[in-house]
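Residue-level structural notes
Spelled out, the chains give:
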Amino acid sequence: MGSPLIDDFLTGDSKAIRDLANNEAILVGFLTLVKEIDDMPDMEPRFYETSRSLYQVTALRTSDETLLASLGAFFGKPQKAAGKSLPVGLRFDPVVKHLGGARKDQTLFFKKLKTGAFYGALWPWQMDPQKVEVHLGFFSSSISDVDYQRLEGLLKKMLSRQKIETVSGGVGGEIHGISLPSFLQMSEMEEATYTLRVASGSRVGYLYIDGGRLIAARYDELTGNEAAYRIISWDKASIQIEPAEPERVREIREPLMHVMMESLKIKDEAGEEETPSETILAEQPPAGEASGPRGTSDQGESAPSVVPPESSAPTPVVPPPPPPVAPARTDTAAPLEPFDKPVDHAVGKQGRMGRRARLLLFLGIFALLVGAVSVGVPWFMRYQADRRYDQLVADLAVSKELDAQIVRMMQYLKAHPEDVHRDALETRLEAASREMEKRDYEKTVLDVSRLSVDEKYENKALSLYTAFLAKYPNSRYAKQIQEAIGGIRQLLGSAYFEALKKRPPADFMARYAAYQAYLDQFPDSNERQAIVRMIGELADAYADAIAHQAASCDEKAHWHSCIAECDRFLSVLADKPAAERVRQLRATLLDKQELTDLIAEASRVADDWNKARNVYLDYLKKRPDTTQRAAVEARIAEFDTEVERKARWDKTAAFANDARQDIHARIKRLERFLASQDVGPYAAAARELRQRLEPERQRVLQDQELAKARQQALARQQAEAARQEKALQRIRRLRDQAARQLRPVAGRFKDNGDGTVFDRKTGLTWCLLDSKMETGTCMKYRTAQAYVGRLTTGGHSDWRLPNAGELATLYKNTPFFPGSGSAWYWTSESFVRGYHRVVDVVTTTPETVFTRVSKSEENCGAVRAVRR
């Protein structure tokens, strides 16, 4: 299963999706379980237009032990095992309600999350217990329809992608082990595109899939929906994937599920027998229509009023048996009227029952009553006790307070000391008491943890611990409480330590003062080394902050505040390793401040380069070790380069203004200068001069382009003339060759000498050369029509395509027109056949039998033009 599918599903932000994301391992385990069940042999998918569960399949011959082992590996022990009644605590469970209850022979598994639960259910068929309906799903009252559909799509894509990838053969391969409806649904999920060739016996049909949608179908003379209904209804069909047909027009608009349901109806109407194990598509029966009784189980116990429809096999409709035929009467008595009692005349003569018989009857009835009382009273008492205990359990399930549950159980035991459920109730009472003790212990620990860390913390914590021990003197948590009392001081130190870690990170000096105060107050604390380490980390962070602030000072060119911050750091953290970094930063900031003052002094004599240069030289003599030495030397170098820059500009300007030089070289010299001196005192003058020279360069370029264009035009004219001359020579050779071929049949065909031939027999004039000889290539029908429309052979412009009869006079009547190498010619007779347009053609085979032949307009043929 691809984790990208799961990652894409878990991108939602709803409460249910977040819960599933927090339990991704459980989600992966559930999907793995579905894949494991789906891979088992003899599993039959059940497709419904509206399904109850995320995954539903019928196990045909898989053993119950195998199914229970697979579900148990993920869910654990079942919440309700087969053969057991539904526990009282599950009767109001929302998952059970979603499933519509549970019969005694069914098995239920749950794995609950915060917002919902994964479930698994095994429902044996009532009519055929060898078949078991397997339900796997997820129920949550808070999940939206959109999220549930996304979860369902995740599962279906996971299964369909696995099956699609395992199909052997790919395009052109035959598919085995997957029914046609199942494969269509997988194709829809994967948005596949191909053609399916479906065969069943001697029947062959085609289904056309485009992007997962069924768009067209073909079977014999049927197309569209009717063909699809027939093909999908076939039994034991083999499937073969063939390439898609891009030009196939969409004929089927209905959804795939609608088409499959209609195909099932077609199958039923055709009278094909369909057993439950062979049913691939079935409409889900409405609630309350399961086969078998729904109000009670087989053992006579009360069952939920709604039984899931999938829990029983589809029951075939059997016509009621004919009414029994009454046996013929052998006596002559009159027939009985309604409500008359039949009289046995053979014993009727004895009349009445004697006294002894009545006494025996009375004694028998009395014995039955005594037996019923001796057996029924204990049973009734046990029944009453069970009902009373079940009601108590239901009340306890509703109550959320342990105190109230304990009081309720103690009252019950006091009122019913001899109750048969006393042992179970006392066990439950002891568990509730231990749970309440655990709750109070956790509450005490929580209350202590919530105390504010101040001078009263120690007394408040002692008071809470002492109160718990007074309530539970023999508590199993006594040792933990005593250890907690002994460690209050340490807890106080740890609490102060946690508070210190939450100090604002920007207030470095306040944090340092708090760390020092902690070390003074808790000299033996377990966190002492951590505090010392935190002071070192504080120094490093403080130094980093000063360095970051220094960047802002550099940007503003104002360093006094940064120097003051360095002095503040060194006043308390001078012994830390980070102090050396701060000292160096302070020295650098002082030098930057002095450099700023130096630049201001040099700017006052900027007009005199030598004086400005001497200001920096004098500073280096006084401060040879300054951190800004490189910046000062860079300033001196700037003055040294000004003279060189001026000289370079003078040379560039002189060359650019010299009209004797090539205009391209002059402009290129200016561009090189601007590339190295894009800014500066001479850049503007260089741009202005370049702009002034640009019109001159454009005129030169235009002259060059015109000369080049004239040369190219002359070359093209020469090439075209040569091509035309070559084509004329080829046509002359072909005409001479065709004229020689006409000489044996000159009695019928006359060569006019202008590229045309006159047929004395029909009075038609034909082009001596066909289109393939003229152009050197074949052409489609539309191209052939355009070709004859612009033909001017022999000075005529009324050339046209011949009809089939006209062409037949050349090649199907003697003497035959000589062949030119073309196998057949287009005619003017075009018509529609099926979904295509075809054209009658005439072959050049010399024969006296004329058989009409047609070809698609997209074929490539030749033209023998004709005119009257």
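Our structure is the block above this text.
For the structure given in this document, a descriptive report is provided here. Numbering of residues starts from 1 in every chain and runs along the sequence as written. At least 70 in pLDDT is required for a residue's local features to be given in this predicted model, at least 80 for side-chain atom pairs to be given and counted, and no such filter applies to totals for whole chains, interfaces and linings, which use all residues. Side-chain calculation: all heavy atoms of the structure are included, whereas hydrogens and water are not.

**Section: the state of the cysteines**
Quick note on the threshold: Pairs of cysteine sulfur atoms within 2.5 Å are identified as disulfides in what follows. Working definition: with a 1.4 Å probe on protein chains only, accessible area under 20% of the residue-type maximum means buried, over 50% means exposed, and in between means partly exposed. What counts as a helix is a DSSP run of H or I of at least four residues, what counts as a strand is a run of E of at least two, and both are numbered from the N terminus.
Taken as a whole, this structure holds two disulfides when the rule is applied. Here Cys 553 engages in a disulfide with Cys 562; their sulfurs sit 1.9 Å apart. Across the S-S bond of Cys 553 and Cys 562 the torsion is about 85 degrees, and the bridge reads as right-handed. For Cys 553, a relative accessible area of 4% gives the class buried. Two residues, Cys 778 and Cys 860, share a disulfide whose sulfurs are 1.9 Å apart. Across the S-S bond linking Cys 778 and Cys 860, the dihedral sits near 105 degrees, which makes this disulfide right-handed. With Cys 778 in the loop between helix 25 (771-775) and helix 26 (781-789) and Cys 860 in the loop between strand 17 (853-856) and strand 18 (866-867), this residue pair connects regions lying 82 residues apart in the sequence. Classification of Cys 778 by relative accessible area gives partly exposed; the value is 32%.

**Points about the side chain of Thr 827**
Keep this limit in mind: Under this definition, polar contacts are N or O atom pairs within 3.5 Å; protein pairs additionally need one hydrogen-donor-capable and one acceptor-capable atom, and for neighbouring residues in sequence, both atoms have to be side-chain atoms. Any two residues having at least one pair of non-hydrogen atoms within 4.5 Å are treated as being in contact.
Residue placement: Thr 827 occurs in strand 15 (residues 824-833). Overall, Thr 827 belongs to the buried group, its relative accessible area being 0%. Within the local environment of Thr 827, its side chain forms a polar contact with the backbone oxygen of Asp 840, the two atoms lying 2.5 Å apart. Here Thr 827 is in contact with Tyr 781, Leu 801, Pro 802, Asn 803, Ala 804, Leu 807, Val 839, Asp 840, Val 841 and Val 842, once residues within four sequence places are set aside.

**What to know about the sheet that holds strand 13 (residues 756-759)**
Quick note on the threshold: Strand pairing requires that DSSP identify at least two bridges connecting the strands. For every element, the axis is a line fit to its C-alpha atoms; helices are fit only across the contacting stretch, and the angle between N-to-C directions ranges from 0 to 180 degrees.
The four strands lie next to each other as 12-13-14-18, forming an open sheet whose pairing is antiparallel. Each having just a single partner strand, strand 12 (749-751) and strand 18 make up the two edges of the open sheet. With two bridges joining them, strand 14 (residues 765-767) and strand 18 adopt antiparallel strand pairing. Along strand 18, the bridge assignment pairs Trp 766 with Val 866. Where helix 27 (residues 804-811) meets the sheet, it contacts strand 12, strand 13, strand 14 and strand 18, and its direction lies at approximately 80 degrees from that of strand 14.

**A closer look at empty space enclosed by the protein**
Applied cut-off: Cavities and pockets were defined on a 1 Å grid built from protein atoms only: a cavity is a group of points that admits a 1.4 Å probe but offers it no way out, a pocket is an open group of points flanked by protein on both sides within 12 Å along at least five of seven lines, and a lining residue is one with an atom within 4 Å of any such point. Grid points are joined across faces, edges and corners, and a volume is the space filled by probe spheres set on the points.
With the rule as written, the count across this model stands at one cavity of 30 Å³ or more. By volume, the largest cavity amounts to about 60 Å³. In terms of lining, the largest cavity is formed by Ala 738, Gln 741, Leu 742, Leu 768, Met 773, Phe 817, Pro 818, Gly 819, Ser 820 and Arg 864.

**Section: the nonpolar core**
Under the convention used in this document: Here, the term nonpolar core denotes a set of buried Ala, Val, Leu, Ile, Met, Phe, Trp, Tyr and Cys residues that are joined through side-chain atoms within 4.5 Å.
Core analysis: the largest hydrophobic core is formed by 61 residues, its most contacted members being Ile 531, Phe 569 and Leu 589. A total of 11 residues in this core trace back to one element, the largest contributor, which is helix 18 (residues 528-556). The next biggest cluster of nonpolar side chains, apart from the first, holds 37 residues, and it includes Met 40, Phe 138, Met 158 and Leu 159.

**Some remarks on helix 13 (residues 422-449)**
We apply this condition: Multiplying 1.5 Å by the helix residue count minus one yields the expected span of that helix.
Between its first and last C-alpha, helix 13 extends 40 Å over 28 residues, near the 40 Å set by a 1.5 Å rise per residue. Listing the buried residues of helix 13 in full gives Leu 425, Leu 429, Ala 432, Met 436, Glu 437, Asp 440, Tyr 441, Thr 444 and Val 448.

**Let's talk about the sheet that holds strand 17**
Spatially, 15-16-17 is the arrangement adopted by the three strands of the open sheet, whose pairing is antiparallel. The open sheet is flanked by strand 15 and strand 17, the only strands paired with a single partner. Each strand axis lies, on average, 35 degrees off the axis of its neighbour in the sheet, ignoring direction. As defined by bridge partners, strand 16 (residues 836-843) adjoins strand 17 across four bridges and the pair is classed as antiparallel. Paired with Val 841 across the two strands is Val 853, which belongs to strand 17.

**Brief notes about a nonpolar patch on the surface**
Our working definition: Nonpolar side chains (Val, Leu, Ile, Met, Phe, Trp, Tyr) within 5 Å and like charges within 9 Å form the patches, drawn only from residues with over 30% relative accessible area and no salt bridge. Per-residue accessibility takes into account occlusion by the displayed protein chains alone, with areas from the Shrake-Rupley method and a 1.4 Å probe. The term salt bridge refers to a pairing of a side-chain nitrogen on Lys or Arg with a carboxyl oxygen on Asp or Glu at a separation within 4 Å.
On the surface, Leu 359, Leu 360, Phe 362, Leu 363 and Phe 366 cluster together into a nonpolar patch covering about 550 Å² of accessible area. With respect to the secondary-structure elements, Leu 360 resides in helix 11 (residues 355-398). Leu 360 gets classed as exposed once you look at its relative accessible area, which sits at 55%.

**A closer look at the packing of aromatic side chains**
To keep things clear, this is the line we draw: Aromatic rings from Phe, Tyr and Trp, with only the six-membered ring used for Trp, were paired whenever their centres fell within 6.5 Å, and each pair was classed as stacked if the ring planes differed by under 30 degrees, edge-to-face if by over 60, and tilted otherwise.
Counted under the stated rule, the structure contains 21 aromatic pairs. An angle of 80 degrees between the planes, with centres 5.0 Å apart, marks the rings of Tyr 219 and Trp 234 as edge-to-face. Taken together, the residues Tyr 219 in strand 9 (residues 213-219) and Trp 234 in the loop between helix 8 (224-232) and strand 11 (238-242) connect sequence positions 15 residues apart. Grouping residues by exposure puts Tyr 219 and Trp 234 together as buried. Judged by centre distance (4.9 Å) and plane angle (85 degrees), the ring pair of Trp 824 and Trp 826 falls under edge-to-face. No difference in accessibility class separates Trp 824 from Trp 826, as the two residues are buried. Taken together through their ring pairs, the aromatic side chains of Phe 30, Phe 74, Phe 75, Phe 109, Phe 118 and Phe 138 make up a single cluster.

**Regarding the pairing of strand 4 (residues 117-124)**
Of all eight residues in strand 4, eight are buried; the element is thus mostly enclosed. Both faces of strand 4 are covered, namely the face carrying Ala 117, Tyr 119, Ala 121 and Trp 123 and the face carrying Phe 118, Gly 120, Leu 122 and Pro 124. Alignment of strand 3 (residues 107-112) against strand 4, held across six bridges, turns out to be antiparallel. What sits directly across from Leu 108, in strand 4, is Ala 121. What sits between the antiparallel neighbours strand 3 and strand 4 is a turn of four residues. Inspection of the sheet shows strand 4 paired to strand 5 (residues 132-139) by eight bridges, in the antiparallel sense.

**So, helix 2 (residues 15-22)**
For an α-helix, 3.6 residues make a turn, and residues three or four places apart therefore share a direction. The criterion, for reference: Note that the arc is defined by the directions from the helix axis to the C-beta atoms.
Within helix 2, burial applies to Ala 16, Ile 17, Asp 19 and Leu 20. On an axial view of helix 2, the arc spanned by its buried residues comes to 160 degrees, and they lie on one face. Helix 2 presents Lys 15 and Asn 22 as exposed residues on the side facing more than 90 degrees away from its buried surface.

**Considerations on the pattern of salt bridges**
The tally for this structure, following the rule as stated, stands at 38 salt bridges. Residue Glu 245 pairs with Arg 248 through a salt bridge whose shortest N-O separation is 2.8 Å. Taking the relative accessible area as the measure of exposure, Arg 248 reaches 22% and is therefore partly exposed. A salt bridge links Asp 798 to Arg 867; the nearest nitrogen and oxygen atoms lie 2.7 Å apart. Placement of Asp 798 in the loop between helix 26 and helix 27 and of Arg 867 in strand 18 is noted, with a sequence separation of 69 residues between them. For Arg 867, a relative accessible area of 14% translates into the label buried.

**Focus: unusual backbone geometry**
Pro 815 follows Thr 814 through a cis peptide bond whose omega is -10 degrees. The topology assignment puts Pro 815 in the loop between helix 27 and strand 15. Phi at Asp 220 is positive, roughly 55 degrees, even though this residue is not glycine. Mapping Asp 220 onto the fold places it in the loop between strand 9 and strand 10 (222-223).

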